[in-house]
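Structural features, examined
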Amino acid sequence: MKKLVIGILAHVDAGKTTLSEGMLYLSGGISRLGRVDHKDAFLDNNSLERERGITIFSKQAILTMSELEITLMDTPGHVDFSAEMERTLQVLDYAVLVISGSDGVQSHTETLWRLLRRYRIPTFLFINKMDLAGADRSALMRELQQRLSDKCIDLGQPDAQRNEAISLCDERLLDFYLEEGVLSDEAVADAVARRRLFPCRFGSALKLEGVAELLQDLNRLTRVPCYPDAFGARVYKIARDSQGTRLTYLKVTGGTLRVKTLLSGGGNTGEWAEKADQLRIYSGAKYKLAEQVDAGCVCAVTGLEHTFPGQGLGAEAMAQPPVLEPVLTYQMLLPRDCNLPETLRRLRQLEEEDPQLHIVWNERLRELHVQLMGEVQLEVLQRQIRDRFKLEVSFGPGNVVYKETITAPVEGVGHFEPLRHYAEVHLLLEPGERGSGLVFDSLCSTDDLDLNWQRLILTHLEEKQHLGVLTGSPVTDLKISILSGRASVKHTEGGDFRQATYRAVRQGLRKAESILLEPYYDFTLEVPVECVGRAMTDIQRMNGSCGSPEQEGERTFLTGRAPVAAMRGYQAQLAAYTRGRGRLSCRAGGYAPCREQEAVVRAVAYDPDSDLENTADSVFCSHGAGFVVPWYQVEDHMHLESGLAPAPQAAEPQAAAAAPAPVLSAPAYRGTAEEDKELQAIYERTYGAVKRREFIPRKQDVTFEAPAKKKEPPALLPEFLLVDGYNIIFAWDELKALAAESLEAARQSLADVLSNYQGYRKCGVILVFDAYKVKGNPGSVEKYKNIHIVYTKEAETADAYIEKATYEMGRRYRVRVATSDGMEQLIILGHGAHRIPANAFLQEVRQAHTEIGQIIQKYRVRAQKGSTVGEILNQK
């Protein structure tokens with residue numbers, strides 16, 4: 001039997017829940033038809049839903065036919081609860097989009113269509129309420145093909161006409177139709193699954209007209225997706241039952257989920273592992289317990305306390321971030337005698353169930369704020385808090401949710417160095433396209449900052465909601481890239497990079513020119529002909545815009561966009577001046593620059609310097625104590641050079657005007673003498689003068705009677721080369737490719753190369769490999785041909801061994817270290833050793849190999865002329 005998860009979506013009052021009732025009734029899922037207006041619908045079982053006559057929470061029901069079992073997902077249709085609907089889309093195999101025959105395609109219908117396209121969900125359409133006056137089948141079909149897709153095809157046409165229309169939707173179907181003369185269900189089902197065809201049915205759900213035909217289409221024209229054997233699951237909803245038990249609703253997307261399976265994941269609370277105590281299969285308000293749930297099925301799991309909507313379990317990846325976001329924010333007014341910490345803990349349950357609420361406690365203002373989609377959701381939230389927590393709350397006047405961005409690229413620097421801590425981070429902040437959100441990347445070479453530190457910085461960038469500096473609103477439409485960074489082997493901890501990263505973002509925002517963004521609505525306004533002038537005047541007054549009026553009979557339609565702040569409350573004005581004949585439908589239209597920025601910033605009166613939780617200042621260390629450096633002086637104290645290289649200055653004014661903008665220059669170690677001097681200068685400026693041990697004179701007892709002795713020039717000390725084995729292997733492309741097949745072969749190849757190098761250079765060579773993760777490993781030193789190979793002991797890295805070796809050997813030898821680790825290079829420089837970047841050492845090895853080959857070739861030529869080996873060596 002096929003098993004599918006199918007969602008029912010619609011604009012509010014299109015008859016979505018009525019269609020669900022009809023489908024369940026005809027399939028035998030329920031014994032009697034319920035009605036929304038009678039408050040006895042099978043799926044609208046919440047008291048709030050029955051009172052208001054709308055769907056607020058997504059629910060499921062099991063619908064069984066001869067060859068098909070459908071988990072039917074009923075989703076909210078009201079725009080205020082769109083976030084609940086969008087979360088459900090993550091687990092759908094197919095969708096049925098319900099459209100009112102009397103209203104046609106509404107603005108929210110187009111929003112749903114875009115979401116279905118984004119999540120690539122195959123879709124059937126049911127045009128409902130065709131029994132009402134004014135429902136024109138032909139006109140509706142034209143509207144569907146114009147506003148949604150020209151691949152919307154009426155399946156109620158005569159067979160020949162229908163097959164011809166379907167075949168024109170897709171080349172595969174056309175080829176099949178031309179060859180066979182008919183279209184098979186398999187071919188049509190394939191086109192539906194690829195979203196190359198959108199079947200349409202017309203009817204009346206209340207009178208069960210067209211519902212049976214829709215069920216037959218779902219049975220014939222669908223196919224089951226292929227699922228992997230490895231376990232995976234996608235969490236789409238968190239809820240609580242009447243007993244307060246936390247329920248994690250998920251769809252198994254691979255393998256099988258069994259009772260008591262240990263599930264694990266990560267999140268803001270860290271890594272977790274918990275058992276699935278119960279697997280509940282819900283149908284309406286009732287459920288059955290299952291011992292196991294196979295791939296493709298939806299269930300509710302108890303026993304999981306750390307899951308969240310959108311989370312992937314097992315092999316399943318995280319879901320995409322939601323498209324629909326709240327545009328309004330309200331202050332929640334709590335009773336004076338309430339326990340604030342306990343109240344916040346309870347409200348977090350609601351935020352778990354609807355993450356878009358964004359319940360935020362503003363410590364500076366001592367206020368609690370919540371973000372919502374609209375006033376209906378506000379009323380429902382107030383009722384939920386009263387019913388579940390016995391708490392009477394009210395709300396202050398609402399405001400729109402502003403956001404901030406920047407106008408030009410800027411570098412942000414964050415430094416965190418209290419005593420025994422160290423981290424410095426340089427970030428590039430660039431403005432992005434409208435609607436792009438936050439994008440994170442790294443432009444930093446692993447030669448400059450280890451990959452594990454870079455990943456940690458990216459994690460800290462993603463985990464926090466970064467606030468702007470104009471109004472303290474979240475920033476958006478930014479690309480933030482890592483330019484460079486620095487860590488300390490001895491003192492850096494994970495939390496140090498968190499502080500440095502946060503401060504770098506904030507410092508960049510303080511330096512940049514910020515702009516305020518406000519949300520916009522895309523609206524469709526329907527008014528009588530005589531009210532068009534008033535409507536267009538209102539749109540202009542609201543700083544909105546619209547296209548030319550379109551007239552259909554006695555109705556005129558205006559389509560445009562306007563700021564959300566200006567359109568609040570306009571529905572009441574519209575009803576007044578049109579005497580109830582006007583209609584306004586809005587959908588989220590993204591963000592655009594705020595036209596009243598100065599007034600809004602002045603009204604909010606946000607002081608970024610007083611926001612200590614989001615400080616832009618850095619912490620440096622001097623004489624064993626940390627001190628705070630204001631954000632505008634950080635560049636004077638930072639330890640790394642700027643990652644943004646200024647454009648070269650031109651001699652002529654005309655050339656200066658045409659000079660290119662600053663270009664990105666990722667710092668890299670080149671191995672030149674000039675950079676060694678520069679690096680040493682940075683080190684000495686930060687940590688003090690470097691004294692090379694071979695030139696430190698021994699203290700002697702001096703007598704004034706003894707004649708002064710002439711100092712002899714210091715003898716050239718023997719040379720030793722220390723090689724960070726794994727670092728070099730993964731820095732050289734040839735060895736890296738070999739390591740992908742066999743790490744042992746890569747180690748052996750590097751040892752052979754160094755053996756030849758030692759024979760030519762006549763220096764001591766020590767090759768160091770990490771073995772610190774090997775339990776109980778005491779470490780070892782092996783002689784291989786003419787070099788030594790060191791495997792470090794447990795809990796000792798190659799970096800630590802080389803750091804210790806350079807310190808001890810620097811007194812008796814000239815020590816060179818080959819590595820691509822930037823921090824390690826800095827440390828060994830401080831010990832008086834010389835550094836060789838991996839790329840420079842590769843060139844040195846290749847040069848030695850070339851010269852060895854030339855010598856061998858010269859010996860071969862002479863040997864061919866009859867010279868003995870002794871003669872050749874004497875002629876060298």
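Residues numbered from 1 in each chain as written. Predicted model: local features only at pLDDT ≥ 70, side-chain atom pairs only at ≥ 80, totals over all residues. Heavy atoms only, no water.

Another aspect to go through is the overall build of the chain. In terms of helices and strands, the chain carries 27 helices and 42 strands. When each of the 876 residues of the chain is scored for burial, the buried share is 48%. Here the analysis covers contacts within the chain between residues at least 6 apart in sequence; of these, 70% occur between residues at least 24 apart. Counting every atom, the chain has about 43500 Å² of accessible surface; 50% of that belongs to carbon and sulfur. (Helix = DSSP H or I, 4+ residues; strand = E, 2+ residues; numbered from the N terminus. Buried < 20%, exposed > 50% of the residue type's maximum accessible area, 1.4 Å probe, protein only. Contact = heavy atoms within 4.5 Å. Areas by Shrake-Rupley, 256 points an atom, 1.4 Å probe, with all protein chains shown as cover.)

Below, the discussion takes up the confidence of the model for the chain. Residues at a pLDDT of 70 or more form 87% of the chain, whose mean pLDDT is 84. Every residue in residues 647-673 scores below 50 in pLDDT, and together they form 35 contacts with partners more than four places removed in sequence or on other chains. (pLDDT = per-residue confidence, 0-100.)

The subject of this paragraph is the pairing of strand β23 (residues 403-406). Side chains of β23 alternate between two faces, with Lys-403 and Thr-405 and Glu-404 and Ile-406 buried alike. Two strands pair when backbone bridges link them, and β23 and strand β28 (residues 514-528) are joined in this way by 4 bridges, in the antiparallel orientation. Bridge pairing in β28 places Lys-403 opposite Leu-517. (Pairing = 2+ DSSP bridges.)

Quick look at the packing of helix α14 (residues 532-541) against helix α16 (residues 570-577) now. Each pair of packed helices gets described by two things: the angle between the helix axes and the distance between those axes. Here α14 crosses α16 at 160°, and the two axes come no closer than 12 Å. As the angle between them shows, α14 and α16 are arranged roughly antiparallel. For the pair α14 and α16, the sense of crossing is right-handed. Residues Arg-534, Ala-535, Asp-538 and Arg-541 of α14 touch α16, and the partners they reach there are Tyr-570, Gln-573 and Tyr-577. Considered class by class, the residues forming the contact of α14 with α16 number 3 nonpolar, 1 polar and 3 charged. (Axes fitted to C-alpha atoms, helices over the stretch in contact; angles between N-to-C directions. Parallel < 35°, antiparallel > 145°, perpendicular 65-115°, else oblique. Left-handed = near helix turned anticlockwise from the far one by under 90°. Nonpolar A, V, L, I, M, F, W, Y, C, P; charged D, E, K, R; others polar.)

This part takes up a negative patch on the surface. There is a patch of like negative charges on the surface, built from Glu-171, Asp-175, Glu-179 and Glu-180. Structurally, Glu-180 is set in helix α7 (residues 171-180). (Patch = residues over 30% accessible without salt bridge, like charges linked within 9 Å, V, L, I, M, F, W, Y side chains within 5 Å. Salt bridge = Lys/Arg side-chain N within 4 Å of Asp/Glu carboxyl O. Lys, Arg positive; Asp, Glu negative; His and termini not counted. Charge placed at Lys NZ, Arg CZ, Asp CG, Glu CD.)

Let us look at the packing of helix α3 (residues 82-89) against helix α4 (residues 107-118). At a closest axis distance of 10 Å, the pairing of α3 and α4 adopts a crossing angle of 25°. On the basis of the axis angle, α3 is roughly parallel to α4. Of the two elements, α3 crosses α4, and the hand of that crossing is right-handed. Contacts between α3 and α4 pair Ser-82, Met-85, Glu-86 and Leu-89 from the former with His-108, Leu-112, Leu-115, Leu-116 and Arg-118 from the latter.

What follows covers the side chain of Gln-454. Within the secondary structure layout, Gln-454 lies in helix α12 (residues 451-463). Setting aside its immediate chain neighbours within four residues, Gln-454 contacts Ser-442, Cys-444, Ser-445, Thr-446, Leu-449 and Ile-482.

Now for the sheet that holds strand β9 (residues 246-254). In spatial order, the strands read β14-β13-β16-β9-β8-β17; together these 6 strands make up an open sheet with antiparallel pairing. Whereas interior strands pair on both sides, the edge strands pair on one side only; in this sheet they are β14 (286-289) and β17 (312-314). When the angles between neighbouring strand axes are averaged without regard to direction, this sheet yields 40°. Bridging between strand β13 (residues 278-283) and strand β16 (residues 298-302) involves 3 bridges; their strand directions are antiparallel. Its bridge partner being in β16, Arg-280 is matched across the sheet by Ala-300.

Moving on, we get to α4. When the terminal C-alpha atoms of α4 are compared, their 17 Å separation across 12 residues agrees well with the 16 Å that a helix rising 1.5 Å per residue should span. The element α4 is largely enclosed, with a buried count of 9 among its 12 residues. Residues Ser-107, His-108, Thr-109, Glu-110, Thr-111, Leu-112, Trp-113, Leu-115 and Leu-116 constitute the buried set of α4. Arg-120 lies just past α4 and shows a positive phi near 55°. (Expected span 1.5 Å × (residues − 1).)

Our next topic: the pattern of salt bridges. Within this structure, the stated rule accounts for 58 salt bridges. Two residues, Arg-32 and Asp-40, come together in a salt bridge whose shortest N-O distance is 3.3 Å. Asp-40 gets classed as partly exposed once you look at its relative accessible area, which sits at 24%. Its salt-bridge partner being Arg-345, residue Glu-342 comes within 2.4 Å of it at the nearest N-O pair. Of the two residues, Glu-342 and Arg-345 both sit in helix α10 (residues 340-353), 3 residues apart, roughly one turn of that helix. When its relative accessible area of 27% is taken as the criterion, Glu-342 is described as partly exposed. The exposure class assigned to Arg-345 is partly exposed, which follows from its relative accessible area of 45%. Through salt bridges with shared partners, one network takes in Asp-170, Arg-172, Asp-190, Arg-194, Arg-196 and Arg-223.

Taken as a whole and assessed by the stated rule, the structure comprises 0 disulfides. Here Cys-152 stays unpaired: no disulfide links it, and the sulfur of Cys-200, its closest cysteine neighbor, is 4.6 Å away. Lacking any disulfide linkage, Cys-297 is separated from the closest cysteine sulfur, that of Cys-299, by 8.4 Å. (Disulfide = S-S within 2.5 Å.)

So, on to the pairing of strand β40 (residues 787-791). Bridge count between strand β38 (residues 764-769) and β40: 4 bridges; the pairing is parallel. Following the sheet pairing, Phe-769 is matched in β40 by Tyr-791. Sheet analysis places strand β39 (residues 780-784) next to β40, joined by 5 bridges and oriented antiparallel. Note that in β40 the partner of Val-781 across the bridge is Val-790. The antiparallel hairpin formed by β39 and β40 contains 2 residues in its connecting segment, where Lys-785 sits at a positive phi of about 55°.

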